[in-house]
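Coordinate inspection notes
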There are 2 protein chains.
Amino acid sequence: MSIRIGIFGYGNLGRGVEAAIRQNDDMELAAVFTRRDPATVKIATEGVKVCHTDDAKNMINDIDVMILCGGSATDLPIQTPELAKLFNVVDSFDTHARIPEHFANVDSVAKQSGRVALISVGWDPGLFSLNRLYASAILPEGNSYTFWGKGVSQGHSDAIRRVEGVLDGKQYTIPVESALDAVRSGTNPELTTRQKHIRECFVVAEEGADLARIENEIKNMPNYFADYDTTVHFITAEELKRDHSGIPHGGFVIRSGKTGLNSEHNHIIEYSLKLDSNPEFTASVIVAYARAAYRLNKEGQCGCKTVFDVPPAYLSIKSAEELRKEML
Amino acid sequence: MSIRIGIFGYGNLGRGVEAAIRQNDDMELAAVFTRRDPATVKIATEGVKVCHTDDAKNMINDIDVMILCGGSATDLPIQTPELAKLFNVVDSFDTHARIPEHFANVDSVAKQSGRVALISVGWDPGLFSLNRLYASAILPEGNSYTFWGKGVSQGHSDAIRRVEGVLDGKQYTIPVESALDAVRSGTNPELTTRQKHIRECFVVAEEGADLARIENEIKNMPNYFADYDTTVHFITAEELKRDHSGIPHGGFVIRSGKTGLNSEHNHIIEYSLKLDSNPEFTASVIVAYARAAYRLNKEGQCGCKTVFDVPPAYLSIKSAEELRKEML
């Protein structure tokens with residue numbers, strides 16, 4: 001029998017989950033839940049129900065794992081504990097500083113309901129976190145570095161669009177090549193924010209807007225741009241659509257460490273992602289962890305868990321024997 | 001209380017384990033076991049006993065995890081099942097084709113003794129296996145590629161030294177840069193053995209030996225060199241010692257996969273290692289997994305396991321709370 005997946009929230013991430021389910025033969029999409037009028041939401045999978053989020057509570061027996069596709073700012077802090085009362089759930093809560101609080105809220109609920117709740121699943125937090133953990137456990141004497149990009153930052157793109165006179169805009173976070181090289185050389189450099197990433201903005205301005213003022217306002221925006229070397233390109237709406245409508249992302253986790261009685265040997269562990277579609281890749285990670293949530297719960301486990309708690313074998317459609325034979 | 005580690009076999013790997021234990025504050029070296037006369041073996045750690053391998057059975061209460069540092073050809077198939085009767089054990093059994101058989105042998109013993117036996121721990125099998133599993137579970141529609149090097153292959157170096165007229169030699173396995181680039185481009189190329197790696201040999205010949213014959217014999221050696229583009233450099237014993245006495249290694253695991261309703265988006269997951277000392281790095285991986293073996297057994301688990309079965313959090317000296325706060 002297939003693992004029956006529910007998608008809670010049908011935006012970019014939800015659509016990514018829908019596509020990812022098709023690549024996993026042991027899963028099926030059971031229903032999509034939306035806050036909008038279900039009649040207005042057209043999904044890509046024939047014959048699958050679109051339901052209102054309020055109706056999820058009536059479908060406990062139809063869904064094995066509910067995948068929460070809302071945002072970390074306001075949706076998930078409410079939705080994940082709420083839905084973990086009813087379902088095994090997976091979310092991609094990505095406000096790093098608030099993970100301990102979110103974990104505690106979800107854990108108490110999931111322990112009571114006997115469900116498994118996997119939080120903060122994706123690539124950062126998620127796969128990058130895993131690599132920080134593995135690499136630092138293996139090379140305790142060393143430094144870890146995380147670089148993001150080249151990719152679109154939704155938060156920074158939104159910030160650009162709030163500047164007066166800006167019609168639309170897109171921001172790319174780009175790791176500084178020389179910083180990457182310094183890290184890979186094993187010299188364990190200390191890097192400032194400015195030394196690690198640059199920010200490149202493509203901006204569509206209103207006709208007649210003061211471009212110098214817009215550029216200046218973006219470059220000096222605290223938190224978002226002031227601590228970085230930022231470049232601003234003014235382009236047309238057509239150019240933005242033609243050249244910048246994708247949502248690529250990626251990045252690097254690098255551990256540089258030493259071994260030996262006199263710390264005489266250097267080692268570099270590097271993990272990198274180059275993603276054409278950030279939401280679709282995130283969705284693919286989440287779907288693999290939905291399989292794990294289902295299996296863990298079948299074994300009688302419950303409570304809140306993260307990628308750190310999941311044995312890797314639980315992610316794969318293959319059996320333990322197949323994995324040992326084909327991948328070990 | 002510290003986790004008390006025994007080292008079974010004191011060669012390059014055993015010395016690497018000894019050094020790695022010093023980097024882990026929750027561990028201590030309890031004893032080193034050797035097949036040689038213990039009086040002749042000098043270890044780097046003051047105040048720690050060197051014992052004969054035959055005496056291990058008398059030290060069940062002194063050692064929490066025994067790390068087996070013998071070879072995969074003849075040592076580990078015997079030693080791992082034998083010692084799993086008495087101890088939690090970790091080995092680095094790396095004959096990929098015989099892992100299922102080794103697993104079965106060790107599993108039955110460890111289940112009877114109530115111990116945890118972690119086999120095939122290191123970087124390949126080990127960290128590379130983990131990355132093959134994670135990446136293929138996340139991107140089911142795609143291809144995985146493993147490249148090794150640049151690094152010293154012990155087996156190929158041994159093969160060179162068996163050629164008549166050769167006094168000494170070292171072989172480097174080197175991934176072909178253009179093959180790596182093709183894989184990273186997302187074109188999912190099919191690559192032959194020859195297209196993936198080249199082999200570079202540094203050979204010290206006997207005085208007056210027929211160099212052309214030696215070169216020819218190496219290049220046409222079946223299994224080892226015949227399927228590769230191989231270069232042979234003749235150097236002096238002094239040059240070999242000066243320039244080639246290290247044991248570097250490394251490699252790449254790359255997954256190239258697609259997502260989207262029409263497989264329209266490409267993704268590249270790349271994991272790479274650049275290691276100054278193959279045995280010391282392998283030892284560092286093993287020591288982190290010794291911590292996991294200890295913890296799993298404390299929880300009441302037993303039997304044979306691999307890196308696929310171990311939740312990542314078990315590798316780290318940090319608590320689950322610390323990990324979520326600092327690394328997620």
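Position labels on residues start from 1 in each chain and follow its written sequence. Key to labels: chains lettered from A, ligands numbered from 1, both in the order written. Side-chain atom pairs in this predicted model are given and counted only at pLDDT of 80 or more, local residue features only at pLDDT of at least 70, and totals for whole chains, interfaces and linings cover all residues. Excluding hydrogens and water, the side-chain values take into account all heavy atoms of the structure.

Some remarks on the overall build of chain A
Helix and strand counts for chain A come out as 11 helices and 14 strands. Each radius of gyration is computed over the set of C-alpha atoms, and the globule rule expresses the reference value as 2.2 Å times the number of residues to the power 0.38. Taken over C-alpha atoms, the radius of gyration comes to 22 Å for chain A, in line with the 20 Å a tight globule of 328 residues would show. Counting only C-alpha atoms and orienting by the principal axes, one finds that chain A spans roughly 65 × 60 × 35 Å. Within chain A, residue pairs in contact and separated by at least 24 positions form 67% of the contacts whose partners lie at least 6 positions apart. Per the convention used, a helix needs a DSSP run of H or I reaching at least four residues, while a strand needs a run of E reaching at least two, with both numbered from the N terminus. The criterion used for residue contact is that any of the two residues' heavy atoms lie within 4.5 Å.

Here we look at the sheet that holds strand β7 (residues 142-148) of chain A
On the basis of which strands lie adjacent, the open sheet formed by six strands has the order β7(A)-β12(A)-β13(A)-β13(B)-β12(B)-β7(B) and antiparallel pairing. One side of each edge strand has no neighbouring strand; the edge strands of this open sheet are β7 of chain A together with β7 (142-148) of chain B. The average angle at which neighbouring strand axes cross in this sheet is 5 degrees, direction not considered. A strand pair is defined by DSSP finding two or more bridges across the two strands. In terms of strand pairing, β7 of chain B meets strand β12 (residues 249-259) of chain B through seven bridges, oriented antiparallel. Working convention: axes come from line fits to C-alpha atoms, limited for helices to the stretch in contact. Angles between N-to-C directions cover 0 to 180 degrees.

Considering the relation of the copies chain B and chain A
Each of the two chain copies can be brought onto the other by rotation about an axis and movement along it. Least-squares superposition of the copies uses the C-alpha atoms of those residues scoring a pLDDT of at least 70 in each of them. Overlaying chain B on chain A yields an RMSD of 0.0 Å, the required transformation being a rotation through 180 degrees with an accompanying axial translation of 0.0 Å. The relationship between the two copies is best expressed as a two-fold rotation axis. A shared interface surface links the copies, since 98% of the contact residues of chain B are contact residues in chain A too.

Considering the pattern of salt bridges
Residue and element names in this part refer to chain A. Should a side-chain nitrogen of Lys or Arg be within 4 Å of a carboxyl oxygen of Asp or Glu, the pair is scored as a salt bridge. If you walk through the whole model with that rule in mind, you get 34 salt bridges over all chains. The shortest N-O distance in the salt bridge between R291 and D26 comes to 2.7 Å. With R291 in helix α10 (residues 278-298) and D26 in the loop between α1 (12-21) and β2 (27-34), this pair connects stretches of sequence that are 265 residues apart. In this scheme, a residue with accessible area under 20% of its type's maximum is buried, one over 50% is exposed, and one in between is partly exposed, where area comes from a 1.4 Å probe on protein chains only. Residue D26 is classed as buried on the basis of its relative accessible area of 17%. Residues R161 and D168 are paired through a salt bridge, measuring 3.5 Å at the closest nitrogen-oxygen approach. Where salt bridges share partners, they join D158, R161 and D168 into one cluster.

Let's talk about the nonpolar core
Note on soluble globular proteins: their nonpolar side chains tend to be buried together. Note on terminology: a nonpolar core comprises buried Ala, Val, Leu, Ile, Met, Phe, Trp, Tyr and Cys residues joined through side-chain atoms within 4.5 Å. Counting 162 residues, the largest nonpolar core has M66, F281 and Y289 of chain A together with M66, F281 and Y289 of chain B as its most contacted members. Contact partners of F281 of chain B, with chain neighbours within four places excluded, come to I138, L139, H267 and I269 of chain A together with W123, L127, L273 and L275 of chain B.

Topic: the packing of aromatic side chains
The aromatic pairing rule takes the rings of Phe, Tyr and Trp, using the six-membered ring of Trp, and pairs them if the centres are within 6.5 Å, calling planes under 30 degrees apart stacked, those over 60 edge-to-face and the rest tilted. Scanning the entire structure with this criterion turns up nine aromatic pairs over all chains. Here the aromatic rings of Y134 of chain A and Y134 of chain B are separated by 6.4 Å at their centres, their planes lie at 70 degrees, and the arrangement is edge-to-face. Of this pair, Y134 of chain A sits in helix α4 (residues 127-138) while Y134 of chain B sits in helix α4 (residues 127-138), placing the two residues on different chains. By way of ring pairs, the aromatic residues W123, F128 and Y271 of chain A are connected into one cluster. Note on geometry: a ring has a charge over it if NZ (lysine) or CZ (arginine) is within 6 Å of the ring centre and within 35 degrees of the ring normal. In this structure, K196 of chain B is placed above the aromatic ring of F147 of chain B, and the distance from its NZ or CZ to the ring centre is 5.1 Å.

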